[in-house]
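# Observations on the model geometry
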Amino acid sequence: VQLQASGGGLVQAGGSLRLSCTASGHTSGTAWFRQAPGKEREFVAAIGWSGTSTFYADSVKGRFTISRDNAKNTVYLQMNSLKPEDTAVYYCAASPTGSSVYDDSYNYWGQGTQVTVSS
């Protein structure tokens, strides 16, 4: 399974972006992680296959929303009220089983999309 992430860009603080992650085949649990320069990769959000189970990092709760359209094999990350500290490369990851907050639970990874939030 290949994952294609898109939707990153440059936005001012307080703005919004929507990231998309499209899979070439069936996946179950899907998540977004991010890595800022000089920092370790961190969990952002995850969603189960049905879309009813979602998990968020505390730093993005109330601002980011993860959702999915299984007919399109696509998972979205709607990011609102963006802050400069959200600047990072965002990666989508998928698993044939359930979702998790741990990156080693995921078999498939996208190429990453850059999100830059200016102050």
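This text follows the structure it describes.
The rules behind these values
- Counting of residues starts from 1 at the beginning of each chain's written sequence and follows it residue by residue.
- In view of the model being predicted, local features appear only for residues whose pLDDT reaches at least 70, and side-chain atom pairs are presented and counted only at 80 or more, with totals across whole chains, interfaces and linings using the full set of residues.
- Excluding hydrogens and water, the side-chain figures rest on all heavy atoms present in the structure.
- Here a cavity denotes grid points, spaced 1 Å and computed from the protein atoms alone, that fit a 1.4 Å probe unable to get out, and a pocket denotes an open set having protein on both sides within 12 Å along at least 5 of 7 lines; residues with an atom within 4 Å of a point are the lining.
- Grid points are joined across faces, edges and corners, and a volume is the space filled by probe spheres set on the points.
- Where helices and strands are cited, they refer to DSSP runs of H or I of at least four residues and of E of at least two residues respectively, numbered from the N terminus.
- Classification convention: Asp, Glu, Lys, Arg as charged; Ala, Val, Leu, Ile, Met, Phe, Trp, Tyr, Cys, Pro as nonpolar; all other residues, Gly among them, as polar.
- Two cysteine sulfurs form a disulfide in these notes if their separation is within 2.5 Å.

### Section: empty space enclosed by the protein
- Summed over all chains, the structure comprises 1 cavity of 30 Å³ or more.
- Size it by volume and the largest cavity reaches roughly 50 Å³.
- Lining the largest cavity, in full, are Leu3, Cys21, Ala23, Thr27, Thr30, Arg68, Asn73, Thr74, Val75 and Ala94.
- Contributing elements (two or more residues each) for the lining of the largest cavity: β3 (17-23) and β8 (74-79).
- Counted by class, the lining of the largest cavity contains 5 nonpolar, 4 polar and 1 charged residues.

### Concerning the state of the cysteines
- Counting across every chain of the model gives 1 disulfide.
- Through a disulfide, Cys21 is tied to Cys92; the S-S separation comes to 2.2 Å. The S-S bond linking Cys21 to Cys92 shows a torsion near 70°; that makes this disulfide right-handed. A residue pair is termed long-range when its members are at least 10 positions apart, and Cys21 in strand β3 and Cys92 in strand β9 (residues 88-94) qualify at 71 residues.

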